[in-house]
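Single-letter residue listing:
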Amino acid sequence: MADQQVRTQGTASLPQGEGFQENFAARHRAGRVWYVVFQASTIIGIVVLTALLYNIVNGAFGLAAIQNEVNPETLAVEGVPLDKLDKQHLVDILQQNLSKGLLRRFESEQPFAERTREDVYDLVIERVVEPQVVHTWSLYDSLFRRSAVLAAAAEDYPDARIEFMSWIDPKFVTTPQSSDPEKAGVRTAILGSLWTIAITIVFAFPLGVGAAIYLEEYATDHWVNRIIQTNINNLAGVPSIIYGMLGLAIFVRALEPLSSGTLFGLTDPTTANGRTIFSAGLTLGLLILPLIIINGQEAIRAVPDSLRRASYGLGATKWQTVWHHVLPNALPGILTGTILAVSRAIGETAPLIVVGASTFITVDPSGPFSKFTTLPIQIYQWTARPQDEFRNIAAGAIIVLLALLLALNASAVLLRNRYSRRVRS
Amino acid sequence: MISLTNGQKRPFATLSSNGEYAIEVQELRVHYGDFMAIKDVNFRIERQKITAIIGPSGCGKSTMLRAFNRMNELVPTAWTEGEVLFQGQNIYAEWVDPVQVRRHIGMVFQKPNPFPKSIYENVAWGARINGFQGDMDALVERSLRQAALWDEVKDKLYQSGLSLSGGQQQRLCIARAIAVEPEIVLMDEPASALDPIATLKIEELMRQLAQDYTIIVVTHNMQQAARVSDRTAFLMMDEDRAGYLVEYGLTKEIFTNPQDKRTEDYITGRFG
């Protein structure tokens, strides 16, 4: 009797029959709406990414009108065209067309007598013929509005030849920075980025993983440790320019003897102000340290406690447990976090400007105590230039940066996968 | 006598015991912060016998078991009073290193928890970190044979321990525990996550291991306690949820002729 009452009461408040159908349909409707919302946000994300890539590629390739300062045909000697002339004639052309000062500079770099014919020929093309890009068109225009482009070019630049140019090519990657966009390359910036990121990793990875191990495995639940933890979490959200100020104050100014290398006997006056790769690497290291610590803690926390208990149960010490079980099992997660953090560091511009990256430098960095520039800074500087061509090489440099990023990430992912397989088998 | 103190020579308290029991528990209390989980437990565990600890859920069986090799200390808030004498020495004495205690008093857990390493490495690791110098292959084979697992895994020693079935994993964990040659093996509901066949194998294995080791097993399953154990301790909790020992004696006696009314009620299924 009592049981029956309970049952009828229970069913009364749950919808039955038609009510159930209605409720059922409403639940599914809500599900469909959210499904569409989620799908739309994914699509928007993909569209934005595609637009970004289109924009970059659009600038990195395309038609260009190239005009010679001096028509090579006028340089022919006794009917022999320029590209068939021997070395002596080429040197004569240089001497006729270039200023004495410039000639002396070339002579002191390497005497003409020792230069090869190809070398001298390149000099003639570069300095006398002086081909110059007078106008560029985007990839879209070059492909789909080619006839209009050609017509406009024939009208505006009758002397120019129209060429399809790829602003990013092997030469672009291997030549140093230059004030002339046709000759400028990103070698200095790539080397600067690689050096900086190497120092960042060497500094931040061991320190970050060590701190993560300490906070997860050793630190007790004490108010001091809680404050430290809260601060680390907040530091991960501090704007990167603040880290730039910190790096400027500490590494560039306070630690100048160390960061300029004078402590190690380096006395190059051009670098002795502390604005070096060393300072930049440490600044970026500080920037990603909280990220590495937090990700490391997550990864360590994800290692099941049963493993720790099993290890302790065999008479293992804390260190043996951490080293043999916790770390190997947390490593894939730690590496994932490090990959993300390093990817962020390699694209950072603001802190490096504050720390004092050189915006224009043509000399390769020779070590941690060199002046430097990095790819993002190079891109930033090029996009700020008034000439159109710099926008094209900035697009090229962005592609190089993305490729560098992908290469670094791919190697880290390979390393991680290899390691997690080893742990599993 | 085994030194628990990492080689440090220290005087230790004169004890009433001469170490003829595997473990003697005196006035044991375990707390988690303000909460008392185990209250005033006294009893002695015989050597090379299987002692079962039974009782209703939440009465502190596992806590008491973990008190025998100081595993409770992995919980930051846990603290212990009283004495647990292992071969005449209080394992809670100030100078005793819990690492040494666990080396002599091994443990098998409720859920099989092999390391994500090869079967061979699972067995060898404990011995290696404890400084084992001898023939590792022989030790691994002997331990796996003792755990009745050798025939099933001898052809795949270098496969992951996680590739085994649940029952095999649990026997691997037993092999791992006995590879460091402990005197006592603590088992915390070792068969509760296993099917009946695997459970039966573990029980057979426990009977065999009792010839060499002292085994203390916590179990929910009263039939299991009755089947495998020599002695049984029955725990209950009081109104503050603190566990205390109700009755301890020969398993036969406990299950056929319990002295305490509460024991009788529990084993006849009237509560718990």
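Cut-offs and rules
Residues numbered from 1 in each chain as written. Chains lettered and ligands numbered in written order. Predicted model: local features only at pLDDT ≥ 70, side-chain atom pairs only at ≥ 80, totals over all residues. Heavy atoms only, no water. Helix = DSSP H or I, 4+ residues; strand = E, 2+ residues; numbered from the N terminus. Rg over C-alpha atoms; globule rule 2.2 N^0.38 Å. Buried < 20%, exposed > 50% of the residue type's maximum accessible area, 1.4 Å probe, protein only. Contact = heavy atoms within 4.5 Å. Areas by Shrake-Rupley, 256 points an atom, 1.4 Å probe, with all protein chains shown as cover. Pairing = 2+ DSSP bridges. Axes fitted to C-alpha atoms, helices over the stretch in contact; angles between N-to-C directions. Parallel < 35°, antiparallel > 145°, perpendicular 65-115°, else oblique. Nonpolar A, V, L, I, M, F, W, Y, C, P; charged D, E, K, R; others polar. Buried area = accessible area lost by both parts, 1.4 Å probe. Salt bridge = Lys/Arg side-chain N within 4 Å of Asp/Glu carboxyl O. Polar contact = N/O pair within 3.5 Å; in protein donor to acceptor, adjacent residues only side chain to side chain. Domains from an automatic or database assignment. Phe/Tyr/Trp six-rings, centres within 6.5 Å; stacked < 30°, edge-to-face > 60°. Lys NZ or Arg CZ within 6 Å of the ring centre and 35° of its normal. Core = buried A, V, L, I, M, F, W, Y, C linked by side-chain atoms within 4.5 Å.

Quick look at the overall build of chain B
Thinking step 1. Along chain B, the regular secondary structure elements total 10 helices and 10 strands.
Thinking step 2. Computed over the C-alpha atoms, the radius of gyration of chain B is 19 Å, within 12% of the 19 Å expected from 2.2 N^0.38 for a compact globule of 272 residues.
Thinking step 3. Sorting the 272 residues of chain B into buried and exposed places 57% on the buried side.
Thinking step 4. Contacts in chain B between residues far apart in sequence, at least 24 positions, make up 69% of those at least 6 positions apart.
Thinking step 5. Just so you have it, chain B exposes about 12000 Å², and 47% of that area is on carbon and sulfur atoms.

Observations concerning the overall build of chain A
Thinking step 1. Summing up its helical and strand segments, chain A has 18 helices and 3 strands in all.
Thinking step 2. By the compact-globule yardstick of 22 Å for 425 residues, chain A is too spread out, its C-alpha radius of gyration being 31 Å.
Thinking step 3. The principal-axis extents of the C-alpha atoms in chain A amount to approximately 125 × 65 × 40 Å.
Thinking step 4. Scored against the burial criterion, the 425 residues of chain A give a buried share of 39%.

What to know about the sheet that holds strand β2 (residues 131-136) of chain A
All names here are of chain A.
Thinking step 1. The sheet built from 3 strands is open, its strands ordered β2-β1-β3 with antiparallel pairing. Each edge of the open sheet carries a strand with a single partner, namely β2 and β3 (161-166). Across the sheet, the mean angle separating the axes of adjacent strands is 45 degrees when strand polarity is ignored.
Thinking step 2. Note that strand β1 (residues 61-68) and β2 share 5 bridges and pair antiparallel. Note that in β2 the partner of A64 across the bridge is T136.
Thinking step 3. The strands touched by helix α2 (residues 17-60) are β1 and β3; relative to β1, the strand with the most contacts, the crossing angle is about 25 degrees.

Looking at the packing of helix α3 (residues 119-129) of chain B against helix α4 (residues 136-146) of chain B
Residues and elements named next belong to chain B.
Thinking step 1. Two elements in contact, α3 and α4, have axes whose closest approach is 9 Å; the angle formed by their N-to-C orientations is 110 degrees. With respect to each other, α3 and α4 are oriented roughly perpendicular. For the pair formed by α3 and α4, the contact residues are I119, Y120, V123, A124, A127 and R128 on the first element and M136, D137, L139, V140, S143 and L144 on the second.
Thinking step 2. Of the residues contributing to the contact of α3 with α4, the split by class is 9 nonpolar, 1 polar and 2 charged.

Some points on the interface of chain A and chain B
Thinking step 1. Each partner contributes residues to the interface: chain A has 18 residues there, and chain B has 23 residues.
Thinking step 2. Approximately 1700 Å² of surface area, both sides summed, lies buried where chain A meets chain B, with 67% of it carried by carbon and sulfur atoms.
Thinking step 3. One can count 0 salt bridges joining chain A with chain B.
Thinking step 4. Linking chain A with chain B are 4 residue pairs in polar contact (both at pLDDT 80 or more), by the criterion used here.
Thinking step 5. Counting only elements with at least two residues in the side of chain A that touches chain B, the list comes to α14 (305-313), α15 (318-346) and α18 (388-424) of chain A.
Thinking step 6. Broken down by element, the side of chain A that touches chain B gets its largest block of residues, 7 residues, from α14(A).

Structural notes on the domain arrangement of chain A
All names here are of chain A.
Thinking step 1. On domain assignment, one finds that chain A holds domain 1 (59-172) and domain 2 (187-424).
Thinking step 2. For domain 1 and domain 2, the distance between their C-alpha centres works out to 43 Å.
Thinking step 3. Tallying the contact residues gives 8 residues for domain 1 and 11 residues for domain 2.
Thinking step 4. Between domain 1 and domain 2 lies a buried interface of about 810 Å² when both sides are counted; carbon and sulfur atoms form 69% of it.
Thinking step 5. By the criterion of area lost to domain 2, the three top residues of domain 1 are W167, I168 and F172, representing 55% of everything that side buries.
Thinking step 6. Applying the counting rule to domain 1 against domain 2 returns 0 salt bridges.
Thinking step 7. Inspection of the domain 1/domain 2 interface yields 2 residue pairs in polar contact (both at pLDDT 80 or more).

Quick word on the packing of aromatic side chains
Thinking step 1. Enumeration over the complete set of coordinates arrives at 12 aromatic pairs over all chains.
Thinking step 2. With 5.2 Å between their ring centres and 50 degrees between their planes, A:Y140 and A:F144 make a pair best called tilted. Taken together, the residues span about one helical turn, with A:Y140 and A:F144 both in helix α6 (residues 139-144) at a distance of 4 residues.
Thinking step 3. An angle of 25 degrees between the planes, with centres 5.4 Å apart, marks the rings of A:W319 and A:W323 as stacked. Of this pair, A:W319 and A:W323 both sit in helix α15, 4 residues apart, which is roughly one turn of the helix.
Thinking step 4. Here the aromatic cluster, defined as three or more aromatic residues joined through ring pairs, consists of B:F43, B:F68 and B:Y248.
Thinking step 5. Positioned over the ring face of A:Y218 is A:K318, at 5.4 Å from the centre of the ring.
Thinking step 6. We note B:R176 situated over the ring of B:F115; from NZ or CZ to the ring centre the distance is 4.5 Å.

Examining the nonpolar core
Thinking step 1. One finds A:F172, A:V186, A:I288, A:L375 and A:W382 to be the most contacted residues of the largest nonpolar core, which totals 52 residues.
Thinking step 2. For this core, the secondary structure elements donating two or more residues are α2, β1, α9 (187-218), α11 (240-254), α13 (277-301), α15, α17 (375-383) and α18 of chain A.
Thinking step 3. Tallying contributions element by element places α13(A) first for this core, with 11 residues.
Thinking step 4. When residues of this core are assigned to domains, at least three fall in each of domain 1 (59-172) and domain 2 (187-424) of chain A.
Thinking step 5. Grouped together as the second largest cluster of nonpolar side chains are 47 residues, B:A177, B:M187, B:V217 and B:I267 included.

Quick word on the pattern of salt bridges
Thinking step 1. Under the defined criterion, the tally for this structure stands at 27 salt bridges over all chains.
Thinking step 2. Where B:R171 meets B:E152, a salt bridge forms, and the shortest distance between an N and an O atom there is 2.8 Å. Taken together, the residues span a long stretch of sequence, with B:R171 in helix α6 (residues 166-178) and B:E152 in helix α5 (residues 150-153) at a distance of 19 residues.
Thinking step 3. Judged by its relative accessible area of 5%, B:R171 is buried.
Thinking step 4. Accessibility expressed as a relative area gives 30% for B:E152, which makes it partly exposed.
Thinking step 5. A single network of salt bridges, built from pairs that share partners, joins A:E216, A:E298 and A:R301.

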